[in-house]
Amino acid sequence: MTEGRPSATGSAPLWERDTEIATVTRALDALCADRSSAGSLLVFRGEAGLGKTALLNETRRMAERRGCTVWSARGGETLRSVPFNVVRQLLQPALVSLLPGEAREYLGDWYDIAGPALGIVDPQEGTADPQYVCDGLVAAVRRLARREWPLVLLVDDAHWADQETLRWLSAFAERLDDLSVLVVVARRPGEVNGDSARHLDAVAAAAARPVNLSVLTPDATAGLTRATVGRHADDPFCREVWAVTGGNPYDTVELLAKVRDSEVQPVEARAGELRALNRSARGGGLVDRLKGLGIEATRFAWAAAILGTGISVDLVARLAGMSTEDARSCAEPLRNARFLTEPDPVTGTESGDGELEFVHPLIASAVYDSIPAGVCTAMHGVAAQILTETGHSAAEASRHLLKVHPDDDEDLVEQLREAAREHLAVGAPDAARRCLERALREPPRPEVHAHVLYELGRATLLTAPAVTVEHLRSALAMPGLDDTQRVDAVVRLSQALLHNNELEEAVRTVEAEAARHPASPVRMRLQAVQFMWEGIHGETVSQERSRRLAELAATCTGRDNSERALLILRGFDAMTHGESAEDVVQSCDRALVNGRLAPGLGWTDGEWGIELLMMLGSAYAYADRLDRAESLFSEALRAYTGAGWRGGHLSLANAFLGLAYRRQGRLRDAETALREALALAERVGRGLPLYWSATCGLVDTLLARGDVEEAWSIAGRYAFAPPYPSTIVLPDIRSVRGRLLLAVGRTEEGVNELEAAEKTAASRGGHNPVLAPWSLDLARALAVQDPARAARLAADARRQAERFGTDTAIGEALRLAASLETGQRAVRLAAQAVAYLEASPCQYEHAAARVEYGIATRSVAELDRGLTLARSCGADGLAAQAREVLETGRGLR
């Protein structure tokens, strides 16, 4: 048996846990052997009562004997709605020991991001990005862990942990390779669903092999019985103990304690009494036993169960409506009857005024469930009031407010709205949603109702677009919102529809609202939003729409942000259709103020959203103003990082910065940024437009680098194939997919994909041959089998390029023309391509032109220049091509 034969009921749950203890021992050996050793994760799973908590307690004892620092926390059934509850418990020893200055030093840049979630920093105004807060918590724990080696983290009852903690735990579990820390998690199977279940599954997947605890065997139960009630316990009695408890360690311990307290002789003749005794250990029997301790003790236990955490005698006394002296007299019999534990020796005092907790979660749940519904609701209301009166925040009181019966209480609605704001400020939108949904049930006064719906829609925008649509539509259908709020609600509704892949409805929603307003800045803002969604919607980019936008933008001078937005949209639209790049840049420049984004139009300003500025940067990127594009997207990255936005916004910032790097020819930097964009997009969810942007950009960059195999692997892994999203994706998704298919030898499929891009361009009345280079790739693919059509495509590409007018566009068209010719004409065209692309900011295309010109002229000097350029770009495939020609040397001069 584990550590010999346990001789007391306190260690009884460790019977037959030799294998589990050995697993812990090995993990501790590895942890303590070397400060640079990798971290490890153990997950113990088992039904209630199988000894998970006892195993974690034994882990603590073993770790402390070796000199380890141990931090522990436990989830609570009634505390799952409290965001960051368990992670705060876990870090409390470290946080308490640090002065504010020390905490800032240890947490560094993450102090203002993780601090509010940990309760050590007041939250800022506004909404914190949940993913960024999660990343901040991961960084915070990692930094604290390095200070405390060897460190052991214990999380008990993880199935009852709050969702925010589980998000952190799953992310932390994936990053233990370079951090010497042991994490031990205990949980029941099942119990949760949705995101919480997903996070727990991720934790289990990160563990080498989760350990499933089993019930005691009949032999172990007999040994435990004799160790507890005496060696004279006969075999029939021991077998009945096992039959009655099913080998559940908790039930066995509780039953044997009652056998001993009742002085039942452990012989076959008394075995028939065991079932009755066992019924008093759980459910109704336990409740009857509690009632037997008296009304006052029952009220005390009820109050303790309502509180769930921070159970002190003084606080229970206030909640139960009794004197402190009476409360102390109630605590003693509850401890003696094994309902409550003794105070924690670390935090408790000799007088017993320290925090108490229930002996086992099963007892806490049974006591809480036994409270009459009306009494339970009333006690939660009193608990909320006590917390408010003692200076706690609305967010801290909200878990009790959520349990109060609706009663048309105006003050309660305001408390819940305030709690929601506090939850959003620390990165807990789900907690905010629960508060606002509960406020709706109160219900709010008619003049407040629309405001609550509006706030609820804003709270769920990033996490549940479909829910946001419902709430904002309801808010707009009733009176209460002023004009500013109404317009903001319409814009946010259209954003939610966009994220919910309902682009056409997003356009109609804004169009209908714009029609309600006379000519004014408000109407112009709504028109700009409508054009923005239409510009993103690939199916609504038409010649008629472009004409209307051009007419409206022609009236704009850039005197306010609505006009600036229209100028940006006009520039983007002109760029996508391949109109004059000079006009594109001029329109975009007029939208800036002294070359910078106007106040209220910044990356983190909520009025216009990220899409407009992405259009601005993209217009610059494809109009050869890559300096402006890089500056804008780098600013986005800094802004979102500084503001703690770690979700879709940061993904798009990386994706579009990667686009700017790709256009410049900085292919290694582009690949790094795009891989980061894709990793962030994975967290937000597959299938969204930002996910397609990251994937498409990465495939395009890998093809430019010459890594066709990896590009094909990425395409397969991330489903980069039809059906495509209805939004415009940059770079052009069909062009990139077509080029990929050609590169892997699937020529017919590649041609079909590029021809589909050709049809789309025709329906829109023109295209930019740099943004959507399908014509260049299609002409090359058809050069042998259909040279006449390839020539027509090349001529059309040349016309489109000259219309657009950038050095890159013309140079690329000349490269294509040269590839379709032979002899001196091919050489002349290749030389012209080099001349244009040398003046272009796109160094990869310049390198490709140099290599092709070197091959055409058989010039070692030109090939050397091309090879040098290709290497500097990170274009390994192109460099290999140049190197091969140079090494063979055939025909070179």
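Parameters at a glance
Residues numbered from 1 in each chain as written. Predicted model: local features only at pLDDT ≥ 70, side-chain atom pairs only at ≥ 80, totals over all residues. Heavy atoms only, no water. Axes fitted to C-alpha atoms, helices over the stretch in contact; angles between N-to-C directions. Helix = DSSP H or I, 4+ residues; strand = E, 2+ residues; numbered from the N terminus. Parallel < 35°, antiparallel > 145°, perpendicular 65-115°, else oblique. Left-handed = near helix turned anticlockwise from the far one by under 90°. Contact = heavy atoms within 4.5 Å. Nonpolar A, V, L, I, M, F, W, Y, C, P; charged D, E, K, R; others polar. Buried < 20%, exposed > 50% of the residue type's maximum accessible area, 1.4 Å probe, protein only. Pairing = 2+ DSSP bridges. Expected span 1.5 Å × (residues − 1). Arc of directions from axis to C-beta. Polar contact = N/O pair within 3.5 Å; in protein donor to acceptor, adjacent residues only side chain to side chain. Phe/Tyr/Trp six-rings, centres within 6.5 Å; stacked < 30°, edge-to-face > 60°. Core = buried A, V, L, I, M, F, W, Y, C linked by side-chain atoms within 4.5 Å. Patch = residues over 30% accessible without salt bridge, like charges linked within 9 Å, V, L, I, M, F, W, Y side chains within 5 Å. Areas by Shrake-Rupley, 256 points an atom, 1.4 Å probe, with all protein chains shown as cover. Salt bridge = Lys/Arg side-chain N within 4 Å of Asp/Glu carboxyl O. Lys, Arg positive; Asp, Glu negative; His and termini not counted. Charge placed at Lys NZ, Arg CZ, Asp CG, Glu CD.

**Student:** Would you explain the packing of helix 27 (residues 543-554) against helix 28 (residues 561-576) in this entry?
**Tutor:** To describe two helices that pack against each other, one gives the angle between their axes and the distance between the axes. Here helix 27 crosses helix 28 at 140°, and the two axes come no closer than 9 Å. As far as their axial angle goes, helix 28 and helix 27 are oblique. In terms of crossing hand, the pair formed by helix 27 and helix 28 is left-handed. Listed contacts from helix 28 to Arg-545, Ser-546, Leu-549, Ala-550, Leu-552 and Ala-553 of helix 27 are Leu-566, Leu-567, Leu-569, Arg-570 and Asp-573. Class assignment of the residues belonging to the contact of helix 27 with helix 28 gives a composition of seven nonpolar, one polar and three charged.

**Student:** Any chance you could explain the pairing of strand 4 (residues 181-187) here in plain terms?
**Tutor:** Where a strand is regular, its side chains alternate between the two sheet faces. With respect to burial, strand 4 is a largely interior element, seven of its seven residues being buried. Neither face of strand 4 is exposed, since Val-181, Val-183, Val-185 and Arg-187 on one face and Leu-182, Val-184 and Ala-186 on the opposite face are all buried. In the sheet, strand 1 (residues 40-45) pairs with strand 4 via six bridges, with the strands oriented parallel. Looking at strand 4, one finds that Leu-42 is bridged to Val-184.

**Student:** Help me understand helix 8 (residues 194-206), please; the structure alone is not making it clear to me.
**Tutor:** In an α-helix there are 3.6 residues to a turn, and that puts residues three or four apart on one side. Relative to the 18 Å expected for 13 residues at 1.5 Å per residue, helix 8 spans 19 Å between its end C-alpha atoms, a close match to the ideal helical length. Within the span of helix 8, buried status applies to Ser-196, Ala-197, His-199, Leu-200, Val-203 and Ala-204. On an axial view of helix 8, the arc spanned by its buried residues comes to 160°, and they lie on one face. On its buried side, helix 8 packs onto strand 1, helix 7 (163-173) and strand 4.

**Student:** Explanation requested: helix 20 (residues 410-425) in the structure shown.
**Tutor:** For helix 20, built from 16 residues, the straight-helix expectation of 22 Å at 1.5 Å per residue is met to within 8% by its first-to-last C-alpha distance of 23 Å. Taken together, the buried positions of helix 20 are occupied by Leu-412, Val-413, Leu-416, Arg-417, Ala-419, Ala-420, Glu-422, His-423, Leu-424 and Ala-425. Those residues of helix 20 that are buried lie in contact with helix 19 (394-401), helix 21 (429-440) and helix 22 (446-459). Measuring from the backbone nitrogen of Asp-411 back to the side-chain oxygen at the start of helix 20 gives 2.9 Å, which picks out Asp-409 as the cap. One or two positions beyond helix 20, positive phi appears at Gly-427, with a value near 90°.

**Student:** How do you make sense of the packing of aromatic side chains when you look at a structure like this?
**Tutor:** The description of two aromatic rings rests on the distance between their centres and on the angle between their planes. Scanning the model with the defined rule gives seven aromatic pairs in all. Here a set of aromatic residues connected by ring pairs shows up, and it is made of Trp-603, Phe-633, Tyr-640 and Phe-656.

**Student:** What is the right way to read the side chain of Gln-800 from this model?
**Tutor:** Tracing the backbone shows Gln-800 in helix 39 (residues 787-804). A relative accessible area of 13% means that Gln-800 is categorised as buried.

**Student:** What's the story with the nonpolar core in this structure? I'm lost.
**Tutor:** Note that soluble globular proteins tend to have their nonpolar side chains buried in a common cluster. If you look at the biggest cluster of nonpolar residues, it comprises 144 residues, and the most contacted ones within it are Trp-533, Trp-603, Leu-616 and Phe-720. With 10 residues, the top contributor of residues to this core is helix 30 (residues 610-622). Val-121, Leu-153, Val-192 and Leu-200 belong to the second-largest nonpolar core, a separate cluster that totals 52 residues.

**Student:** Sorry if this is basic, but what is going on with the packing of helix 10 (residues 235-245) against helix 11 (residues 249-261) here?
**Tutor:** At a closest axis distance of 9 Å, the pairing of helix 10 and helix 11 adopts a crossing angle of 130°. With respect to their mutual orientation, helix 10 and helix 11 come out oblique. Along this stretch, helix 10 crosses helix 11, giving a crossing that reads as right-handed. Together, Phe-237, Val-241, Val-244 and Thr-245 of helix 10 and Asp-251, Thr-252, Leu-255, Leu-256 and Val-259 of helix 11 make up the contact between the two elements. In the contact of helix 10 with helix 11, the residues fall into six nonpolar, two polar and one charged.

**Student:** Is there a simple way to explain a negative patch on the surface in this structure?
**Tutor:** Residues Asp-407, Asp-408, Asp-409 and Asp-411 make up a contiguous surface patch of negative charge. Topologically, Asp-411 is positioned in helix 20.

**Student:** Honestly, the sheet that holds strand 5 (residues 211-212) in this entry has me stumped. Any pointers?
**Tutor:** Strand-to-strand pairing in sheets goes through backbone hydrogen bonds, with the strands running parallel or antiparallel. Pairing within the open sheet is parallel, and its five strands lie in the order 2-3-4-1-5. Since the sheet does not close on itself, it has two edges, and those belong to strand 2 (69-74) and strand 5, each with one partner. Sheet topology places strand 2 next to strand 3 (residues 151-156); six bridges connect them, and they run parallel. Pairing of Ala-73 across the sheet is with Val-155, part of strand 3. Each of strand 1, strand 3 and strand 4 is contacted by helix 7, which is oriented at about 135° to strand 4, the strand it contacts most. Against the sheet, helix 8 contacts strand 1 and strand 4, and its axis sits at roughly 120° relative to strand 1.

**Student:** So what exactly am I meant to see when it comes to the environment of Glu-64 here?
**Tutor:** Examined against the element boundaries, Glu-64 turns out to sit in helix 2 (residues 52-65). Between the C-alpha atoms of Glu-64 and Pro-189, which are 125 residues apart in sequence, the distance is 29 Å.

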